[in-house]
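# A closer look at the structure
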Amino acid sequence: MTQGPLTTEAGAPVADNQNSETAGAGGPVLLQDQSLLEKLAHFNRERIPERVVHARGAGAYGTFTLTRDVSRWTRAAFLSEVGKQTEAFLRFSTVAGSLGAPDAVRDPRGFALKFYTEEGNYDLVGNNTPVFFVKDAVKFPDFIHTQKRDPYTGSQEADNVWDFWGLSPESTHQVTWLFGDRGIPAGYRHMNGYGSHTYQWNNEAGEVFWVKYHFKTDQGIENLTTEEAEALAGRDPDSHQRDLREAIERGEYPSWTVQVQIMPAAEAAGYRFNPFDLTKVWPHGDYPPIEIGRLELNRNPQNIFAEVEQSVFSPAHFVPGIGPSPDKMLQGRLFAYGDAHRYRVGVNADHLPVNRPRATEAHTHSRDGFLYDGRHRGAKNYEPNSFGGPQQTGRPLWQPLPVGGATGDHEAPRHAEDDDFVQAGDLYRLMPEDARQRLIDNLAGSIAGVSREDIAERAVHNFRRADGDLGKRLEAAVRALREG
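A quick note: this is a predicted structure, and the numbers were derived from the prediction, not measured.

### Let's talk about the overall build of the protein
Helix and strand counts for the protein come out as twelve helices and twelve strands. Taken over the C-alpha atoms alone, the protein extends approximately 75 × 60 × 45 Å along its principal axes. By residue count, 53% of the 484 residues in the protein fall in the buried class. Long-range contacts, defined here as pairs at least 24 residues apart, represent 75% of the contacts in the protein between residues at least 6 apart.

### Topic: the packing of aromatic side chains
Tallied over the entire structure, the rule returns 32 aromatic pairs. Taken together, a centroid distance of 4.8 Å and an interplanar angle of 85 degrees make the contact between W162 and W165 edge-to-face. Note that W162 and W165 are positioned in helix 3 (residues 158–167) at a spacing of three residues, about one turn of the helix. Assigned by exposure class, W162 and W165 land together as buried. When the ring of W162 is compared with that of F179, the centres are 5.7 Å apart and the planes differ by 45 degrees; the resulting orientation is tilted. Placement of W162 in helix 3 and of F179 in the loop between helix 4 (172–178) and strand 6 (193–194) is noted, with a sequence separation of 17 residues between them. F179 sits in the buried class, given a relative accessible area of 7%. Through a chain of ring-to-ring contacts, three or more aromatic side chains come together here, namely F43, F132, F133, F140, F143, W162, F164, W165, F179 and F463. Against the face of F313 rests K114, its NZ or CZ located 4.9 Å from the ring centre.

### Focus on the pairing of strand 9 (residues 255–264)
Counting buried residues along strand 9, nine of its ten residues qualify, which places the element largely inside the surrounding structure. The pairing of strand 8 (residues 208–217) with strand 9 spans nine bridges and is antiparallel. Across the sheet, H214 pairs through a bridge with Q259, a residue of strand 9. Of the pairings in the sheet, the one linking strand 9 to strand 10 (residues 290–299) comprises six bridges and is antiparallel in character. By the bridge assignment, T257 is partnered in strand 10 with R294.

### A word on the environment of I304
On the secondary structure map, I304 appears in helix 7 (residues 304–309). Classification of I304 as partly exposed rests on a relative accessible area of 39%. Measuring from C-alpha to C-alpha, the distance between I304 and A60 comes to 9.8 Å, with 244 residues separating the pair along the chain.

### Some details on unusual backbone geometry
A cis amide bond links E383 with the next residue in sequence, P384, at an omega value of 5 degrees. Within the chain, S196 stands out as a residue other than glycine whose phi angle is a positive 70 degrees. Note on placement: S196 falls in the loop between strand 6 and strand 7 (199–202). Although it is not a glycine, R377 sits at a positive phi angle of roughly 50 degrees. Tracing the backbone shows R377 in the loop between helix 8 (328–344) and strand 12 (407–408).

### Some remarks on the layout of surface pockets
Taken as a whole, the largest pocket holds about 1,200 Å³ of empty space. H317, D350, A362, H363 and T364 are the residues nearest the centre of the largest pocket, which is lined by 39 residues in total. Contributing elements (two or more residues each) for the lining of the largest pocket: strand 5 (120–127) and helix 8. Counting residues per element, the lining of the largest pocket draws most heavily on helix 8, which supplies four residues. Of the residues assigned to the lining of the largest pocket, the class counts are twelve nonpolar, 18 polar and nine charged.

### Things to note about the packing of helix 11 (residues 453–466) against helix 12 (residues 468–483)
Across the interface, helix 11 lies against helix 12 with an axial gap of 7 Å and an inter-helix angle of 155 degrees. Looking at the two axes, helix 11 sits roughly antiparallel to helix 12. Here helix 11 and helix 12 pass one another in a crossing that is right-handed. Along the contact surface, helix 11 presents E453, A456, V460, F463 and R464, while helix 12 presents G468, L470, G471, L474, E475, V478 and R482.

### Here's the deal with the environment of N44
Its place among the elements puts N44 in helix 1 (residues 34–44). What makes N44 buried here is its relative accessible area of 8%. Residues N44 and P108 lie 64 residues apart in sequence; the distance between their C-alpha atoms is 19 Å. Excluding residues within four positions of it along the chain, N44 makes contact with V52, A336, D339, A340 and Y343. A distance of 2.8 Å separates the side chain of N44 from the backbone oxygen of A336, its partner in a polar contact.

### Some points on the UniProt feature "binding site: heme" (unreviewed entry) in the protein
Those residues carrying the UniProt feature "binding site: heme" (unreviewed entry) are Y337 in this numbering. Along the chain, Y337 falls in helix 8. Judged by relative accessible area, which is 19%, Y337 ranks as buried. For Y337, the contacting residues outside a window of four places in its chain are V125, F313, S314 and P315.

Parameters at a glance
Residues numbered from 1 in each chain as written. Predicted model: local features only at pLDDT ≥ 70, side-chain atom pairs only at ≥ 80, totals over all residues. Heavy atoms only, no water. Helix = DSSP H or I, 4+ residues; strand = E, 2+ residues; numbered from the N terminus. Buried < 20%, exposed > 50% of the residue type's maximum accessible area, 1.4 Å probe, protein only. Contact = heavy atoms within 4.5 Å. Phe/Tyr/Trp six-rings, centres within 6.5 Å; stacked < 30°, edge-to-face > 60°. Lys NZ or Arg CZ within 6 Å of the ring centre and 35° of its normal. Pairing = 2+ DSSP bridges. 1 Å grid on protein atoms, 1.4 Å probe; cavity = no way out; pocket = protein on both sides within 12 Å on 5 of 7 lines; lining within 4 Å. Points joined across faces, edges and corners; volume = space filled by probe spheres on them. Nonpolar A, V, L, I, M, F, W, Y, C, P; charged D, E, K, R; others polar. Axes fitted to C-alpha atoms, helices over the stretch in contact; angles between N-to-C directions. Parallel < 35°, antiparallel > 145°, perpendicular 65-115°, else oblique. Left-handed = near helix turned anticlockwise from the far one by under 90°. Polar contact = N/O pair within 3.5 Å; in protein donor to acceptor, adjacent residues only side chain to side chain. UniProt positions renumbered as here; feature names shortened; annotations may be inferred.

What follows is the structure, given as structure tokens:
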């Protein structure tokens with residue numbers, strides 16, 4: 001039922017709900033895009049007290065050890081010397097489930113890292129997949145609404161899920177990952193992690209490089225079939241959390257080999273894919289992963305609530321030598337994560353032990369608010385002051401980006417091979433035949449549950465555009481289930 005134009009909370013019509021406003025076609029997102037900020041801020045406040053997404057999780061402390069000199073690419077101090085070790089905290093999670101949901105479900109897994117560096121905490125907030133469903137943060141609340149409970153039925157609805165994915169072809173690549181063999185990891189220890197976004201590294205000379213992070217499990221990839229997951233979820237809802245905790249208790253410390261892909265900044269504009277598009281990967285043949293370190297988890301938290309539930313991560317927590325890119329999803333997350341934590345845990349969440357810097361101290365002029373611990377005592381709370389208060393350094397953490405063009409709700413620039421289907425098709429064609437069949441069976445089982453034929457057909461059509469064989473076989477499988 002049509003209800004008139006989409007509007008802001010104040011009733012003003014929304015001109016573009018597909019693209020956030022940027023400084024030129026390829027520039028960063030603008031603070032003046034109040035439709036975006038209102039949407040993200042409202043979304044962050046929809047659920048209390050658990051996280052809106054990634055509510056169900058487990059975590060552990062560990063150590064990151066640098067094994068390669070990367071100073072030619074970044075001036076970050078914790079990446080400055082081979083053999084250097086940095087304490088870290090890693091929180092794993094599922095995305096859509098509530099706090100009491102089972103671990104063994106088909107869902108992306110969060111892979112959120114906090115490095116307690118000597119220059120402040122650096123947070124790398126990623127997933128167990130290198131891509132995501134949408135490429136612009138303005139679409140993120142809509143996407144999550146389709147994964148959560150319907151406001152009328154109170155249940156997750158296949159209609160909502162596939163209606164959105166079918167109308168959002170950019171999701172095809174990530175959906176292919178999700179319904180493939182890696183869609184249900186056997187446990188947190190047996191999956192990879194990815195920074196997913198593109199980030200900036202900059203060195204002492206001010207040179208800029210674009211970087212993607214990969215964490216390859218040293219335990220080996222292990223996954224569950226749909227049938228295995230359904231049985232395990234009913235038998236042990238805490239399977240992933242239990243497996244991680246007990247492995248560390250036994251001294252079988254899980255570890256990941258850390259790799260990066262590095263792109264000189266000058267190559268970004270001419271690259272065949274938009275390097276800042278979260279629905280795309282950089283093929284390894286173009287930019288081979290370079291091993292730089294090892295992450296080991298070796299200590300369990302002593303209190304899940306204090307150290308896992310109250311842990312907060314924000315992609316805006318950078319250190320000198322590392323910064324953001326024009327990735328429009330990342331740009332939205334720079335605001336949304338911190339805002340969500342200030343609402344959920346409190347404005348002083350960073351004072352809590354799990355979130356507090358370990359290798360340095362925070363010096364700010366922020367005072368008061370919920371959970372304030374009085375740490376500043378009688379110090380002045382403004383800058384500049386002549387009483388010895390902390391002052392700015394004058395050196396930005398990252399290098400500025402050139403921008404140009406008129407402000408507006410721009411679609412991201414298209415590169416030579418950009419479309420919403422090519423990499424999903426590539427992924428399908430990389431799979432062995434048995435994995436292809438499992439993908440088709442998983443997709444068909446989900447799509448067949450929708451109530452309308454047009455939603456099912458639109459979903460199948462996106463996969464048909466990714467690969468003709470995939471589309472033909474999926475169409476037949478869905479038809480057989482719907483007619484059976």
